[in-house]
Structures are given as C-alpha cells and as structure tokens.
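In case you want the letters, here they are:
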Amino acid sequence: MAQAVQELFPEAKLGIGPPVKDGFYYDFDVERPFTPEDLKAIEKKMQEIQKRGQRFSRRVVTDEDARAELADEPYKLELIGIKGSASTDDGADVEVGGGELTIYDNLDAKTGDLCWKDLCRGPHLPTTRNIPAFKLMRNAAAYWRGSEKNPMLQRIYGTAWPPRRS
C-alpha cells in the first residue's frame, strides 16, 4: 500500500505501518486528506503492484546507512533515532524494534531492479503475488506516534487474506 501511495502521491512522507488485529494500517504525511476516490486509485495501484510479482528482499543496514537511504523520510529518521529504546504502543516497534535495522527492497521480478524500499523489521512474504486479496477499508486522521503535540497524518486501514489452500 505504501508503495502505491508514493507512486500516486510522490510528495507523501511515510509514517508507521504495522499489522493490527484485522489487517493493517499505514500513516502518511500528505498535503490533503485522502478522498474515497483516492482510496480507489490506491487500491487499483496496489493490484497493479501485486500482479507484477515484485520480490521482497531483506537487508540489514547500519543506522548511518539507513539515515542516508531514507534522508527524504523525516518520520523514518525519527524512528531510527529511537531504535532500541523502551517498547512503545505506537507501532514503532514494527519498524525499529530489536537490535538491528532492516530495509525491505521491492525488486522487479524480471530484472531485479529496485522498485521501492521501506524501513521494516518484517518478515515479509516472498513476493507480492502471495497477496491475492486485499481491500482498503477507510482512512482517518492520526497524530504521529499518538501524540497531539505531533503532526496530524492520514492513516489508511486495510485488510488482506492469504491464498486459499486446497
């Protein structure tokens, strides 16, 4: 979903994107709230990405390398800064919990070229083809890391299902 958002809204800055009980969400810093039409366009773009069969590749990176690679992502830089600190209730652990930082690269299935990347602990499925069914449910406003002292971001909620087993 985050890749789709950034392909459609290149100015979007990435927040946190953890799994939750019935799906997932991801927070974005964008100039205006997402509309129902935006969610439809994002979902359509997600379907295109899913069909491409991009491979997920996990890389361990140093704090310094992560900061260099994600220099245009201020919220990711903040998360790198809190790595290893006490557990939080805001979803940050999903991205920077534990002792090492990892970036997941989305690689073109045919060429291996980098399509997109994100700071995440993982794990991920092998490819986007392993995500056969998903739906964006709604969007809402959410303060960055749950504090009203922080910027208001746009949160998109979604759900996904595994493939059917015969």
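Everything that follows concerns the structure shown earlier in this document.
Residues numbered from 1 in each chain as written. Predicted model: local features only at pLDDT ≥ 70, side-chain atom pairs only at ≥ 80, totals over all residues. Heavy atoms only, no water.

Draft legend 1. Spatial organisation of the packing of aromatic side chains. As enumerated under the stated definition, the model contains five aromatic pairs in all. Ring geometry for F28 and F34: centres 6.0 Å apart, planes at 90°, overall edge-to-face. Of the two residues examined, F28 and F34, each falls in the buried class. The cationic tip of R155 hangs over the ring face of Y25; the distance from NZ or CZ to the ring centre is 3.8 Å. (Phe/Tyr/Trp six-rings, centres within 6.5 Å; stacked < 30°, edge-to-face > 60°. Buried < 20%, exposed > 50% of the residue type's maximum accessible area, 1.4 Å probe, protein only. Lys NZ or Arg CZ within 6 Å of the ring centre and 35° of its normal.)

Draft legend 2. Local environment of the pattern of salt bridges. Overall, the coordinates contain 12 salt bridges when judged by the stated rule. Of the charged contacts, one joins R52 and E7 as a salt bridge, the two residues approaching to 3.5 Å between their closest N and O atoms. In this pair, R52 is assigned in helix α2 (residues 36-52) and E7 in helix α1 (residues 2-8), connecting sequence segments 45 residues apart. With its nearest N and O atoms 2.9 Å apart, the salt bridge here joins K117 to E69. Note that K117 is positioned in strand β6 (residues 114-119) and E69 in helix α3 (residues 63-69), a separation of 48 residues in sequence. For K117, a relative accessible area of 24% puts it in the partly exposed group. (Salt bridge = Lys/Arg side-chain N within 4 Å of Asp/Glu carboxyl O. Helix = DSSP H or I, 4+ residues; strand = E, 2+ residues; numbered from the N terminus.)

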